[in-house]
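Topology and contacts: notes
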Amino acid sequence: MDKRIRVTVCCGTACYVLGGSDLLDLGEKLPPELRSRVDVDGEPCLGLCKDSKAGARPFVKIDGAVLQGASISSVIDAVRSRAEILDRGALA
Amino acid sequence: MIGAFVEVGYAQENKRGQRVPGDTFISQRDPATGRVISALSDGLGSGIKANVLATLTATMALKGVADGTPIEKTAQLIMRTLPVCRERKISYATFSIVDILSQGKVRIIEYGNPSFALFRGGESCKSEHRELLAQRRKGRGRQEVPESLATLRLQYSEFQAAPFDRVVFFSDGVSQAGMGGRAHPFGWGRDGAVERMQEILGENPGVSARELARLTVQEALIRDGYSAKDDISCGVIYFREPRQLLVLTGPPFDKGRDSEAGRIVEEFKGRKIIAGGTTANLVARELGRSVVVDLHRLDKSVPPGATMEGVDLVTEGIITLGHVASTLESRADGSRSSLLLSNPADQVVEMLLESDSIRFVVGTRINEAHQDPSMPGDLEIRRNVVKRIARILEDKYLKDVTIDLI
């Protein structure tokens, strides 16, 4: 079975107004082949907005790795490459 | 009666086809003494003319009572001030004034409205009243008035409120509802209305003033076949244990006080709201609990809410509170947004209005990310939004509000 991937969207104020609001229905916007193995959840605030080195808002975490300036398409790309890494690991 | 909270609620339905109510209900609470004065007036006719008469009357009645002017004098003054109706040749608007002094002493003055109902222990009970007479004075250039209207007969009642008493007063749109129908050719009457209120209290003994007023108006509207034949208004005053609500928003200025914020939430007796992502996380950390964001409600006007054990509602901070402030500013008291509260801001509004005594604990640590000039829209300073909300809750909804900064 494919390993599951967890995507956590920051729902804090700063992320929300800078595009995070578009990421809330990410679960429905994922392509069908990814939808079945991705769990999307929210976090009240990832706390990254307070760290000037963390990059641009909004923030999303994919299996714990931070993706800055996230959009639907950049999250999908990141989830795809995460899936590839996991699948390669499973084959080896 | 010390410690009882005086909840004031009212609801209103315009006569069909009218854009404004012909009845006016106003109320004020003196924060220093706790005195609460409410006035209901039904203006002659309907629509704008009635609205102006009723607003004038209710406002003058309220101010007169607040100033300590003898009520007969106030009544005379009102009648002299009101414009004379061209057809009926009289100036006329009814009023009911309920004056609650500290310690629960109640004075009620009524003119022309159905007499109030007092519910004690869920049962309607009679209260003594006496008549006050006020002469309608002949003003310069005024028409002679018929003998029957030359003397104003005011009903005056005075009693000591007991805990959980309810005082209900209403316009004749309530008592005459159903008029002309087969079941009640003259309307279901004051007695019919009072009986129904008693049933409502039997079904739900803890019903809030606001909800009882809303249900009463709804019952009258049903009897009018959902098309109000007159303006229907109902005011309810309920003496009860204050319902407490805590709203914690913002992390403490000094990080060393995070544990205190957690303790405030833990120890508060009443309902609890946490507004703010960082705040929710710090309380969760302090109390060893988890916060779960609810991504299923997709009303995007405000960020999603969350749940945490021991807390009734968890929301985002500034955007949500901004929505709460504007909703409270714009809506009429008797209304309800919808049965399906669609977003966390609506849920906060509902919880605020269902509470009497509200304590805001505002952490003043600034989130520097919010000060970034590239942020779209206006992210206000937290304590200013809270002060705005507190002022509306006090002035418009007569809530008892405190704000503590940490």
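Before reading on, note that the structure itself is shown above.
All of the points below concern the structure found in this document. Everything numeric in this text was worked out from a predicted model, so none of it was measured. (Residues numbered from 1 in each chain as written. Chains lettered and ligands numbered in written order. Predicted model: local features only at pLDDT ≥ 70, side-chain atom pairs only at ≥ 80, totals over all residues. Heavy atoms only, no water.)

1. A few points about the packing of helix H1 (residues 47–67) of chain B against helix H2 (residues 71–81) of chain B
How two helices sit against one another is set out by the angle between their axes and by the gap between those axes. All names here are of chain B. Taken N-terminus to C-terminus, the directions of H1 and H2 make an angle of 155°; their axes are 10 Å apart at the nearest point. With respect to H2, the element H1 is oriented roughly antiparallel. Between H1 and H2 the crossing geometry is right-handed. Contacts between H1 and H2 involve Thr-57, Met-60, Ala-61, Gly-64 and Val-65 on the former and, on the latter, Ile-71, Thr-74, Leu-77, Ile-78 and Thr-81. (Axes fitted to C-alpha atoms, helices over the stretch in contact; angles between N-to-C directions. Helix = DSSP H or I, 4+ residues; strand = E, 2+ residues; numbered from the N terminus. Parallel < 35°, antiparallel > 145°, perpendicular 65-115°, else oblique. Left-handed = near helix turned anticlockwise from the far one by under 90°. Contact = heavy atoms within 4.5 Å.)

2. Section: the sheet that holds strand E15 (residues 306–308) of chain B
Residues and elements named next belong to chain B. Strand order in this open sheet of seven strands is E14-E15-E16-E13-E12-E17-E18, and the pairing throughout is mixed. Looking along the sheet, the strands with just one partner apiece sit at the ends: strand E14 (291–293) and strand E18 (400–405). For this sheet the average axis-to-axis angle between neighbouring strands, irrespective of direction, equals 20°. Pairing of strand E13 (residues 271–275) with strand E16 (residues 311–315), which is carried by three bridges, proceeds in the parallel orientation. Counterpart to Ile-273 in the pairing with E16 is Leu-313. Here helix H7 (residues 258–267) sits on the sheet and contacts strand E12 (244–249), E13, E16 and strand E17 (357–362); the angle it forms with E12, its principal contact strand, is near 160°. Across the face of the sheet, helix H10 (residues 344–353) comes into contact with E12, E13, E16 and E17 while running at roughly 140° to E16. (Pairing = 2+ DSSP bridges.)

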